[in-house]
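# Observations on the model geometry
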Amino acid sequence: MNQFNSNSKVLKEEFLQAIDEHQGIILKVCRMYCSDNSDAEDLYQDILLALWKAWPKFRRDAKISTWMYRVGLNQAISRLRNSKRNVPRESLNFVHDTIPANEQNRLDIQFDKELQTAIAALGRFDRALLMLYLDEKTYREIAEILGVSESNVGVKINRIKKQLKEKIKP
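One structure accompanies this document, and this report is about it.

What follows concerns the overall build of the protein. Counting its regular elements, the protein contains eight helices and zero strands. In the protein, the succession of helices and strands from N to C terminus is α-α-α-α-α-α-α-α. Per-residue burial over the protein gives 41% buried out of 170 residues. Across the protein, the fraction of contacts at a sequence separation of at least 24, relative to all contacts at a separation of at least 6, is 70%.

This is how it looks when you write it as structure tokens:
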């Protein structure tokens, strides 16, 4: 086996292992930005493809989860911007190209419909920030993923909480 094929195989194995360990991140992004299963599965595949294309350039100076959130959120937001255009899809032809049915990672099962509706009404950036906050990321991690200051993260989270409380009154 030549060096190129060996490196390619190692890259693929490392990538699949990272996906296995962190697929919940991709799923959370899909559930936060899609209203139905079909759209979520399309976005899941789009994110996987974007991650795969970027994998050889991943420097590993950041945590894999931080990098995956950044790529996933960028893909979701870009897809929303381009939703009116019909972009051809490519399949990775891996075992990991569909959304897993693991219920513990499913936002649509964890949160009731009223909260989902309130979250869906938030802006794209606020949804991303809320998702990371609910995933118990530190302000520093959220700031790194979203490219904002830590103090901005705190201010935004407080505003989001207030908005959600106003929308969901008992």
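From this point, the discussion proceeds with the structure in view.
In this section: the state of the cysteines. Per the stated rule, a full pass over the model turns up zero disulfides. Between Cys 30, a cysteine without a disulfide, and Cys 34, which holds the nearest cysteine sulfur, the sulfur-to-sulfur distance is 5.7 Å. Its relative accessible area of 0% is what places Cys 30 among the buried residues.

Tallied over the full model, the rule gives seven salt bridges. Note that Arg 79 and Asp 42 form a salt bridge whose closest N and O atoms lie 3.7 Å from each other. Residue Arg 79 is located in helix α3 (residues 64-81), and its partner Asp 42 is located in helix α2 (residues 37-54); the two are separated by 37 residues in the primary sequence. Of the charged contacts in the structure, one is a salt bridge between Glu 141 and Lys 63, with a shortest N-O distance of 2.5 Å. One end of the pair, Glu 141, is in helix α7 (residues 139-146); the other, Lys 63, is in the loop between α2 and α3, with 78 residues separating them in the sequence. Looking at Glu 141, the relative accessible area reads 16%, which means it is buried. Each of Asp 42, Asp 46 and Arg 79 takes part in one network of salt bridges that share partners.

What follows covers unusual backbone geometry. Peptide bonds are mostly trans, and most non-glycine residues show a negative phi. Of note in this structure, Arg 60 is not a glycine but carries a positive phi near 65 degrees. With respect to the helices and strands, the residue Arg 60 is situated in the loop between α2 and α3. For Arg 60, a relative accessible area of 39% corresponds to the partly exposed category. Phi at Glu 136 is positive, roughly 60 degrees, even though this residue is not glycine. One can find Glu 136 in the loop between α6 (124-134) and α7.

Our next topic: the packing of aromatic side chains. Overall, the coordinates contain five aromatic pairs when judged by the stated rule. An angle of 65 degrees between the planes, with centres 4.9 Å apart, marks the rings of Phe 15 and Trp 52 as edge-to-face. Here Trp 52 lies in helix α2 and Phe 15 lies in helix α1 (residues 3-33), a separation of 37 residues in the sequence. Owing to a relative accessible area of 1%, Phe 15 belongs among the buried residues under this scheme. Members of the aromatic cluster, joined through ring pairs, are Phe 15, Trp 52, Trp 55, Phe 58 and Trp 67. Arg 60 extends its terminal NZ or CZ atom over the ring of Trp 55, reaching a point 4.5 Å from the ring centre.

The rules behind each value
- Residues numbered from 1 in each chain as written.
- Predicted model: local features only at pLDDT ≥ 70, side-chain atom pairs only at ≥ 80, totals over all residues.
- Heavy atoms only, no water.
- Helix = DSSP H or I, 4+ residues; strand = E, 2+ residues; numbered from the N terminus.
- Buried < 20%, exposed > 50% of the residue type's maximum accessible area, 1.4 Å probe, protein only.
- Contact = heavy atoms within 4.5 Å.
- Disulfide = S-S within 2.5 Å.
- Salt bridge = Lys/Arg side-chain N within 4 Å of Asp/Glu carboxyl O.
- Phe/Tyr/Trp six-rings, centres within 6.5 Å; stacked < 30°, edge-to-face > 60°.
- Lys NZ or Arg CZ within 6 Å of the ring centre and 35° of its normal.

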